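Chain by chain, the residues run as shown.
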2 protein chains.
Amino acid sequence: MVLLPFDMMEYQQRLTKTKERMENLGVDVLLITDPANMNYLSGYDAWSFYVHQMLVIIIDEPQPLWIGRYQDANGARVTTWLYDENVIAYPDQYVQSDLHHPMDFIATILKQIGQGNRRIGVEMDHYYFTAKALERLKQGLPDAEFQDASLLVNYVRIIKSDQEIEYMKKAAKIADLAMTKGVESIYPGVRECDTAAEIYYQMVKGTPEFGGEYPAIVPLLPTGDRTSIPHLTWTDRPFVDGDAVIIELAGCYKRYHVPLARTVSVGQPNDQLQQVTPVVLEGIQAIFEKAKPGVTCGELEETWRRTIKAHGYEKEARLGYSVGLNYPPDWGEHTASIRRGDSTVLQTNMTFHLIPALWFNTDGIEISETFRVTDTGIERFTTYPQNLLIRDSLDLGGQIS
Amino acid sequence: MVLLPFDMMEYQQRLTKTKERMENLGVDVLLITDPANMNYLSGYDAWSFYVHQMLVIIIDEPQPLWIGRYQDANGARVTTWLYDENVIAYPDQYVQSDLHHPMDFIATILKQIGQGNRRIGVEMDHYYFTAKALERLKQGLPDAEFQDASLLVNYVRIIKSDQEIEYMKKAAKIADLAMTKGVESIYPGVRECDTAAEIYYQMVKGTPEFGGEYPAIVPLLPTGDRTSIPHLTWTDRPFVDGDAVIIELAGCYKRYHVPLARTVSVGQPNDQLQQVTPVVLEGIQAIFEKAKPGVTCGELEETWRRTIKAHGYEKEARLGYSVGLNYPPDWGEHTASIRRGDSTVLQTNMTFHLIPALWFNTDGIEISETFRVTDTGIERFTTYPQNLLIRDSLDLGGQIS
């Protein structure tokens, strides 16, 4: 029996909106290879995106087709709302082979069902749609016309339904618990991997009411000098007094993410961290006060820039991005970014991870919030205290500065 | 200070072998976008492969170039053996933007350094090298000649050095510990996510002597009916008496993986599991006796096929694959597979994950081993008992059948 995370009405609405966009783009057949987009439209959920697979949306057909590896086809039957006959499997000889490519198989299927001479949209710049995949599809479908449909479904995903927001609220509970567990585990002599283990444990276990899932990005835990380098993962080095530790994690529920970042000081924080923390908090507050439907992402960045500039700080990198449903390697949705010039107009139930990190030569600070745009402003998902956190090596009390 | 996992001699050997293959393929400039291959040649290690980045190997230059996002450039300086001037960063406006593509920046750099009219090899069918990436490179480098160099570096990786084997032995210790922790956590009423949390905790914490890392695939934990579907991840459903549970996990150390799968029965196993277990074990044993330098992967499959056929079983999917260094979404190396017709000849220090799973309509069994080819045969990495595991709901003793 299929237990879908959303009711059929919601899947139908998603499909309808997708087809409207296909129509506007002049695409008859959309090949969805992004695992998050596959899940969004069909419910498909498995760690099978390491082999070629796709969902085929045909503009004049009521149901998508799932095409993937033979041993994953049962997963498509169990996790999607598609009829069994719309699940099509390629044999194992196509898997990671020099001789046979899954896209040859898929091209043949598309021809057989009369789609070989249509306008075909592909997710040109999405993970898991390789240069070779396109080349083989083009060879196999010489009469088709190919068109870039990158982000087509992502832009449908940008506004969340109430049910999606509910899932994000559950993810937020997990994020709060995992951050608590992670911060409390930090004291001198504990290794970075020990703290990462505590965070993972809590992220996956979830709460007594609902379990957690794997996030699209592993917990990031740069420490000491490495706090200037945001995407390094943990090592087995023990924390020492004076270390700054950045924890960036996400709670995940039904593949919906709520990321959360905090900076922890082992013992008293250095001058730089002490000086910059209130600036970051003021900048976040300014963005929160500015944000509401009708304001653009670019205006949020402007607000931030003005606020921190008054204190003599500058930041070149983007401040945040649309967030929600995803699979590795990224929980960002690749649509709206909170950055200079982004013209996306905020609407109710857009959701963002605001992570206005500041990095210096040898250290950095990250304090982030995931928020939802409401009808009148914004609402934070998590409740974790918004501050620089101090783990005092004497009392280990985890007091908050 | 850069602390590399291998000495410079080893990196130089890898680079030399890569250049030999470039020469054979007629490639002057190799663009490496696969994170495992980037790590293998340079040491680069960060969760940054969700943005475009690459290592550029120029056949007549002693050092590769790293090109990536500005905020990741410090990571390249800290984790690689490259000189700082060989680390080139693109500004944040290129990140996930409709307006600017990182490959435009990279094409400009390649032209500036005189590589714009050479024969350029690209990893056409690797994760993270999108169709769009190739399109933009071709547009930006109209005088270059592009060639598919998929798996070029992977085939250098197929034979491990002694140091790599040492890292895999450490990964194996973590795999044994994580499997022990996972199996011991299973009893009726415990949720799948609780067991996944225990496994993750141990995988990441590692041992008191060395920490663990994130594996390229999350722990897979199909249960009950879902044991017929290998790539489903955990849910928050509680185990019930009579459930079969498949655990597939990997220990990971310095990004080297040793995967391990076992099947657990909650309470007494059903007839099918009882009947098929000795067949799988006999098949594994037959492969182990056959395997040694000079034998082909295809011959290993033949041995397996003959062995299980004598008991009336058949299996279409491949039995295993070369394994080692990797990043999400796959720990397999995409070179040799243990399957029908694979002509790869075993050599000392090749390493494989042998996972001759059998799936039936509503259940399945997985018992796997990761092994190294020695001069005279093979050597298992892990020591975990090779059997169907029974978790009795009465004594919870985790006795082994």
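- The name an unreviewed UniProt entry gives chain A is M24 family metallopeptidase, with Halobacillus salinus as the organism.

## Section: the relation of the copies chain A and chain B
- Superposing chain A onto chain B takes a rotation of 180° combined with a translation of 0.0 Å along the rotation axis, leaving an RMSD of 0.0 Å. This pairing of chains is accounted for by a two-fold axis. The position closest to the rotation axis in chain A is occupied by the C-alpha of Ala131 of chain A, lying 1.8 Å away.
- Both copies contact each other with a shared surface, as 100% of the interface residues of chain A are interface residues in chain B too.

## Section: helix H10 (residues 297–309) of chain A
All names here are of chain A.
- The end-to-end C-alpha separation of H10 is 18 Å, in line with the 18 Å expected for 13 residues at 1.5 Å each.
- When H10 is considered as a whole, its buried residues turn out to be Cys297, Gly298, Leu300, Glu301, Thr303, Trp304, Thr307 and Ile308.
- Contacts from the buried residues of H10 go to helix H9 (271–290), strand E10 (332–338), strand E11 (351–354) and strand E12 (358–359).

## Examining the interface of chain A and chain B
- Listed by partner, the interface residues are 78 residues for chain A and 78 residues for chain B.
- By the criterion of area lost to chain B, the three top residues of chain A are Trp47, Gln96 and His231 of chain A, representing 12% of everything that side buries.
- For the pair chain A and chain B, the interface holds four salt bridges.
- In this structure, Lys132 of chain A and Asp148 of chain B form a salt bridge, with 2.6 Å as the shortest nitrogen-oxygen distance.
- One can count 52 residue pairs in polar contact (both at pLDDT 80 or more) joining chain A with chain B.
- Those elements that provide at least two residues to the side of chain A that touches chain B are helix H3 (70–79), helix H5 (131–140) and helix H8 (192–205) of chain A.
- Considering every element that reaches the side of chain A that touches chain B, the biggest residue donor is H8 of chain A, with nine residues.
- Taken together, the residues of the side of chain A that touches chain B sort by class into 37 nonpolar, 20 polar and 21 charged.

## Topic: the sheet that holds strand E3 (residues 65–69) of chain B
Residue and element names in this part refer to chain B.
- Spatially, E4-E3-E2-E1-E5-E6 is the arrangement adopted by the six strands of the open sheet, whose pairing is mixed. On the outer flanks of this sheet lie strand E4 (87–90) and strand E6 (145–148), each paired with one strand and no other. Within the sheet, the average angular offset between the axes of one strand and its neighbour, ignoring direction, is 25°.
- This element, helix H1 (residues 8–25), spans strand E1 (29–32), strand E2 (54–58) and E6 of the sheet and lies at about 70° to E2.

## Some words on the UniProt feature "domain: Peptidase M24" (unreviewed entry) in chain A
- Mapped onto the present numbering, the UniProt feature "domain: Peptidase M24" (unreviewed entry) falls at residues 166–375 of chain A.
- Across residues 166–375 of chain A, helical content stands at 32% and strand content at 21%; the span's end C-alpha atoms are separated by 17 Å.

## Some thoughts on the pairing of E1 of chain B
Residues and elements named next belong to chain B.
- Residue alternation in E1 divides its side chains into two sets, Val29 and Leu31 and Leu30 and Ile32, and both sets are buried.
- Pairing geometry for E1 and strand E5 (residues 119–122), over three bridges, is parallel. The residue of E5 that forms the bridge with Leu30 is Gly121.
- As paired elements, E1 and E2 share four bridges and run antiparallel to each other. Bridge pairing in E2 links Leu30 to Ile57.

Calculation criteria
- Note that residues are indexed from 1 along each chain, following the sequence as it is written.
- Chains carry letters from A onward and ligands carry numbers from 1 onward, assigned in written order.
- For this predicted model, a pLDDT threshold of at least 70 governs which residues receive local features, and a threshold of 80 or more governs which side-chain atom pairs are given and counted, while totals over whole chains, interfaces and linings are taken from all residues.
- The side-chain quantities take in all heavy atoms of the structure and omit both hydrogens and water.
- When the copies are overlaid, the least-squares fit takes in C-alpha atoms only where the residue has pLDDT of at least 70 in both copies.
- Any two residues whose heavy atoms approach within 4.5 Å are treated as being in contact.
- Under the DSSP-based scheme used, a helix requires at least four consecutive residues in state H or I and a strand at least two consecutive residues in state E, with every element numbered from the N terminus.
- Take the number of residues in a helix, subtract one, and multiply by 1.5 Å to get its expected span.
- Working definition: with a 1.4 Å probe on protein chains only, accessible area under 20% of the residue-type maximum means buried, over 50% means exposed, and in between means partly exposed.
- As a working definition, buried area equals the accessible area (1.4 Å probe) given up by two parts on being put together, with both sides summed.
- Any Lys or Arg side-chain nitrogen located within 4 Å of an Asp or Glu carboxyl oxygen qualifies as a salt bridge.
- Residues adjacent in sequence count toward polar contacts only when both atoms are side-chain atoms; beyond that, a polar contact is any pair of N or O atoms within 3.5 Å, and within protein one must be able to donate a hydrogen and the other to accept it.
- Ten residue types, Ala, Val, Leu, Ile, Met, Phe, Trp, Tyr, Cys and Pro, are classed as nonpolar, four, Asp, Glu, Lys and Arg, as charged, and the remainder, Gly among them, as polar.
- Should DSSP find at least two bridges between two strands, the strands are regarded as paired.
- Geometry is summarised by axes, namely lines fitted to C-alpha atoms with helices restricted to the contacting stretch, and by angles between N-to-C directions that run from 0 to 180 degrees.
- UniProt positions are given in the numbering used here, feature names are shortened, and annotations may be inferred rather than shown by experiment.

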